[in-house]
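# An overview of the molecular structure
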Amino acid sequence: MLAAVTQAPGVMVIDEVPEPGPPGPQDVIIRPEIVGICGSDLHVYSGDTGALSGAPSFFPRIQGHEFSAVVEQLGGDCPGEVQPGDRVAVWPLRGCGRCYPCRAGRANACVSLELVGIHRDGGLQQLLSVPASQVFGVGDLDPEPAAFIEPMSIAVHALDRAGIAAGQQVVILGAGPIGLATVVAATAAGAKVMATDPVAGRRDLAAALGAENVAWGSDDELLGEVRAWTGQEGPPRVIDTTGDPAALAQATTMVCSAGRVVVVGMSAPAAPLRSGVFPEKEIDVAGSSCASAADFFTAIGLVRAHREAIAALFSHRFPLTGAREAIECVANSPAGAVKVLVTLGGRA
Ligand SMILES: [Zn+2]
Ligand SMILES: [Zn+2]
């Protein structure tokens, strides 16, 4: 069968690889249909592993952690929640079960977590075996929106970390796929949303997905726009989805006293930050890593409820043989690029 194999940083080839063979007793063989490409795929592809929590070696790796698939075969000891022919989405995360975050019920922050498509082989191949516990049925969802459940689960977890209340004002920095998913999830939670992004088309999408206000400009101009919306004290919640290290300083300046900043975007470089802002404003800063299984369930419901609106995010499609072009499309972000997909054909 065919797979897109990332052999080394910047080297992805389409190659014949062995089929997975019969499933282990608690595993499921699935046939990927649609794989979304995201910023963390780009980090792996380019060897920028400093931005991802410490895996020693990623290569060779079959990437793809946001995907829909069809169940082909169940292992002999699977719970039967899904059946052959069912469409599923894969919750890519597996914790070690032994470290402090795992024992505290937060395997998404496991010190040695393994993600399908990053630490283990993922969706950019025609068949793969995954534990049944990581496979979630999606009902009658089409394959493209089903591939957006994983990014939506990232947004759901960020909102959980933000502790948003209905009616609360939240500024979402960045209107890429994760920022836009956060707009959907926050709006559904009853929050009032303002989104910022330099790209006009992404601001338009944020507005179409429910953002009350969108803006862009210099740091000072953005601060002015935000305060015109919230009043002088600023918003009680700011969620950074940009992956730009400078955004943390911007978020802590923007957020109101006693407010909370959530950082979702990943980046390796350091950025200067005035530490006095924390005690002066008594702000909380929370990181948000991956998503729990409960977040994944919530994300399935959100994508099901907003499938038509979410379809506007799918901007580019490449066949499996064009997986490298798909990654390069995310890297170059041509005009109009939002969510880039690889289509594998699905049902045999
Ligand atoms: Zn992703
Ligand atoms: Zn762990």
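Just above, that's the structure.
These lines cover the structure that appears in this document, whether it is placed above or below. Please read these numbers as outputs of a predicted model, since none were measured by experiment. (Residues numbered from 1 in each chain as written. Chains lettered and ligands numbered in written order. Predicted model: local features only at pLDDT ≥ 70, side-chain atom pairs only at ≥ 80, totals over all residues. Heavy atoms only, no water.)

## Regarding the packing of aromatic side chains
This is how it is decided: Centre distance within 6.5 Å is the pairing criterion for rings of Phe, Tyr and Trp, where only the six-membered ring of Trp is used; planes under 30 degrees apart are then read as stacked, over 60 as edge-to-face, and the remainder as tilted. Strands are runs of DSSP state E lasting at least 2 residues, helices are runs of H or I lasting at least 4, and numbering of each runs from the N terminus. Throughout, exposure labels follow a simple rule: accessible area from a 1.4 Å probe, protein chains only, divided by the maximum for the residue type, with under 20% read as buried, over 50% as exposed, and the rest as partly exposed.
For the coordinates displayed, the defined rule picks out five aromatic pairs. Taken together, a centroid distance of 5.0 Å and an interplanar angle of 55° make the contact between Phe136 and Phe296 tilted. Within this pair, whereas Phe136 is found in strand S10 (residues 135-137), its partner Phe296 is found in helix H10 (residues 293-305), the two being separated by 160 residues in sequence. The class for Phe136 is buried, based on a relative accessible area of 8%. Three or more aromatic residues joined by ring pairs make a cluster, and in this case those are Trp91, Phe136, Phe296 and Phe297.

## What to know about the sheet that holds strand S2 (residues 11-16)
Rules: When DSSP finds at least two bridges between two strands, those strands are taken to pair.
Strand order in the open sheet formed by three strands is S2-S1-S4, with antiparallel pairing between adjacent strands. Each edge of the open sheet carries a strand with a single partner, namely S2 and strand S4 (61-62). Across six bridges, strand S1 (residues 2-8) lies against S2 in antiparallel orientation. Within S2, the residue paired with Leu2 across the bridge is Glu16.

## Considerations on the coordination of the zinc ion (ligand 2)
This is how the line gets drawn: In this description, a donor is an N, O or S atom within 2.8 Å of the metal centre, a cutoff extended to 3.2 Å for sodium, potassium and calcium. Water is not part of the atom list, which can make sites seem incomplete. Donor angles set the geometry label: tetrahedral for four donors if every angle is between 85 and 135 degrees, square planar for four and octahedral for six if opposite donors exceed 155 degrees and the others are between 65 and 115, irregular for anything else.
Taken together, Cys96 (SG), Cys99 (SG), Cys102 (SG) and Cys110 (SG) make up the full set of protein donors to the zinc ion (ligand 2), lying 2.3 to 2.4 Å away. Classification of the site at the zinc ion (ligand 2) rests on its four donor atoms, whose angles at the metal span 104 to 119°, yielding the label tetrahedral. For the zinc ion (ligand 2), the donor residues sit on a single chain with the sequence spacing C-x2-C-x2-C-x7-C. A residue pair is termed long-range when its members are at least 10 positions apart, and Cys96 in the loop between strand S7 (93-94) and helix H2 (100-103) and Cys110 in the loop between H2 and strand S8 (114-115) qualify at 14 residues.

## Quick notes on unusual backbone geometry
Cis peptide bonds are those with omega within 30 degrees of zero, and the linkage from Phe59 to Pro60 qualifies with -10°. Tracing the sequence through the fold places Pro60 in the loop between helix H1 (39-45) and S4. Not every positive phi belongs to a glycine, and Ala258 is a case in point at roughly 70°. Examined against the element boundaries, Ala258 turns out to sit in the loop between helix H8 (247-254) and strand S15 (260-263). The phi torsion at Ser333 lies on the positive side, around 40°, for a residue other than glycine. Considering the arrangement of structural elements, one finds Ser333 in the loop between helix H12 (323-332) and strand S18 (339-343). According to the relative accessible area criterion, Ser333 is partly exposed, its value standing at 39%.

## Some words on the packing of helix H7 (residues 219-230) against H8
Convention followed: Helix axes are fitted only over the stretch in contact, all axes being lines through C-alpha atoms; the angle between N-to-C directions runs from 0 to 180 degrees. By definition, turning the near helix anticlockwise from the far helix through less than a right angle yields a left-handed crossing, and turning it clockwise yields a right-handed one. Contact between two residues is taken to exist if any of their heavy atoms lie within 4.5 Å; hydrogens are not considered. Each residue is assigned to one class: nonpolar for Ala, Val, Leu, Ile, Met, Phe, Trp, Tyr, Cys and Pro, charged for Asp, Glu, Lys and Arg, and polar for all the others, Gly among them.
In the contact formed by H7 and H8, the axes pass within 11 Å of each other and the chain directions differ by 35°. Considering only the axes of H7 and H8, their crossing is right-handed. Where H7 approaches H8, its residues Asp219, Leu222, Leu223, Val226 and Arg227 are matched on the opposing element by Gln250, Thr253 and Met254. Taken together, the residues that form the contact of H7 with H8 break down as four nonpolar, two polar and two charged.

## A word on the nonpolar core
The line we're drawing: Residues belong to one nonpolar core when they are buried, are Ala, Val, Leu, Ile, Met, Phe, Trp, Tyr or Cys, and are joined through side-chain atoms within 4.5 Å.
Counting 57 residues, the largest nonpolar core has Ile149, Met152, Val170, Leu180, Val183 and Ile239 as the members making the most contacts within it. The biggest single contributor to this core is helix H4 (residues 149-162), with eight residues. Not counting the four nearest positions on each side in its chain, Met152 is found in contact with Ala181, Val184, Ala185, Ala299, Leu302, Val303 and Ile310. Core analysis: the next-biggest nonpolar cluster, separate from the first, contains 36 residues, Val35, Ile62, Leu128 and Ile327 among them.

## Concerning the pattern of salt bridges
To be explicit about the condition: We define a salt bridge as a contact between a side-chain nitrogen of Lys or Arg and a carboxyl oxygen of Asp or Glu at a distance within 4 Å.
Counted by the stated rule, this structure contains 11 salt bridges. Between Arg307 and Asp140 there is a salt bridge, and its shortest N-O distance comes to 3.3 Å. Of the two residues, Arg307 is situated in helix H11 (residues 307-310) and Asp140 in the loop between S10 and helix H3 (143-146); the sequence distance between them amounts to 167 residues. For Asp140, a relative accessible area of 53% gives the class exposed. A salt bridge links Glu328 to Arg324, with the nearest nitrogen and oxygen atoms 3.4 Å apart. Of the two residues, Glu328 and Arg324 are both situated in helix H12; the distance of four residues between them amounts to about one turn of the helix. What you see here is one network of salt bridges that share partners, running through Asp140, Arg304 and Arg307.

Geometric descriptors of this kind do not, in isolation, establish any biological role.
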